[in-house]
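Each chain, written out:
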Amino acid sequence: QVYLAESGGGLVQDGGSLSLSCAASGSSLRFNVIGWYRQTPGKQREMVATITSTGGTNFADSVKGRFTISRDNAKNTVYLQMNSLKPEDTAVYYCAALLYGSPSYWGQGTQVTVSS
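The written sequence of each chain sets the order in which its residues are numbered from 1. Where totals are concerned, whole chains, interfaces and linings use all residues; where local detail is concerned, this predicted model gives features only for residues with pLDDT of at least 70, and gives and counts side-chain atom pairs only at 80 or more. In computing side-chain properties, one takes all heavy atoms of the structure into account and sets aside hydrogens as well as water.

A. How the structure looks around the pattern of salt bridges. Here a salt bridge means any side-chain nitrogen of Lys or Arg lying within 4 Å of a carboxyl oxygen belonging to Asp or Glu. A complete count under the given rule lists four salt bridges for this structure. The partner of D61 in a salt bridge is K64, with the nearest N and O atoms 3.1 Å apart. The cut-offs for exposure are 20% and 50% of the maximum accessible area for each residue type, with area from a 1.4 Å probe on protein chains only; residues under the lower value are buried, those over the upper are exposed, and the others partly exposed. K64 gets classed as partly exposed once you look at its relative accessible area, which sits at 49%. Between R66 and D89 there is a salt bridge, and its shortest N-O distance comes to 2.7 Å.

So this is what it looks like as structure tokens:
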């Protein structure tokens, strides 16, 4: 069992930056692909970024060049650095540990609000 806890959300102005953290407990994330996802009311949860156990990354087109994802396996933590934020980035952000390519464990989510 993997327990994930996101932190770092909040309110920021258009063009600002936020850094999210996803801390794991219960099991090591070392060998997992970890993803950040986001969801707004009435819409499906969408992938924002993923990072493999060896540091390979993948980003949604909407965040490429603005967001970076990184991990510290020693701290069992994954980070999402969000720069040049836009109002359309407003959402609840979740981290997930993937098994066999699918999100299997989710955190509780953290709200990110970008004001225009």
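B. Geometry of the pairing of strand β4 (residues 33–39). Strands here are runs of E lasting at least two residues and helices are runs of H or I lasting at least four, both read from the DSSP assignment and numbered beginning at the N terminus. With respect to burial, β4 is a largely interior element, five of its seven residues being buried. One requirement defines pairing of two strands: DSSP has to find at least two bridges between them. Of the strand pairs in this sheet, β4 and strand β9 (residues 91–99) are connected by seven bridges, and their pairing is antiparallel. Paired with Y37 across the two strands is Y94, which belongs to β9. Of the strand pairs in this sheet, β4 and strand β5 (residues 46–51) are connected by five bridges, and their pairing is antiparallel. Pairing of I34 across the sheet is with I51, part of β5.

C. Inspection of the packing of aromatic side chains at higher detail. By convention, a stacked pair of Phe, Tyr or Trp rings (six-membered ring in the case of Trp) has centres within 6.5 Å and planes under 30 degrees apart, an edge-to-face pair has planes over 60 apart, and any other such pair is tilted. Counted under the stated rule, the structure contains two aromatic pairs. With centroids separated by 5.1 Å and ring planes inclined at 65°, the aromatic side chains of Y37 and W106 adopt a geometry described as edge-to-face. In this pair, Y37 is assigned in strand β4 and W106 in strand β10 (residues 102–106), connecting sequence segments 69 residues apart. Ring geometry for Y94 against W106: centres 6.2 Å apart, planes inclined by 90°, an arrangement best described as edge-to-face. Here Y94 is found in strand β9, whereas its partner W106 is found in strand β10, with 12 residues between them in sequence. Three or more aromatic residues link up through ring pairs in this structure, and these residues are Y37, Y94 and W106. Directly above the aromatic system of Y94 lies the positively charged group of R45, at a separation of 3.7 Å from the ring centroid. Two thresholds decide whether a charge sits over a ring: the Lys NZ or Arg CZ must be within 6 Å of the ring centre and within 35 degrees of the ring normal.

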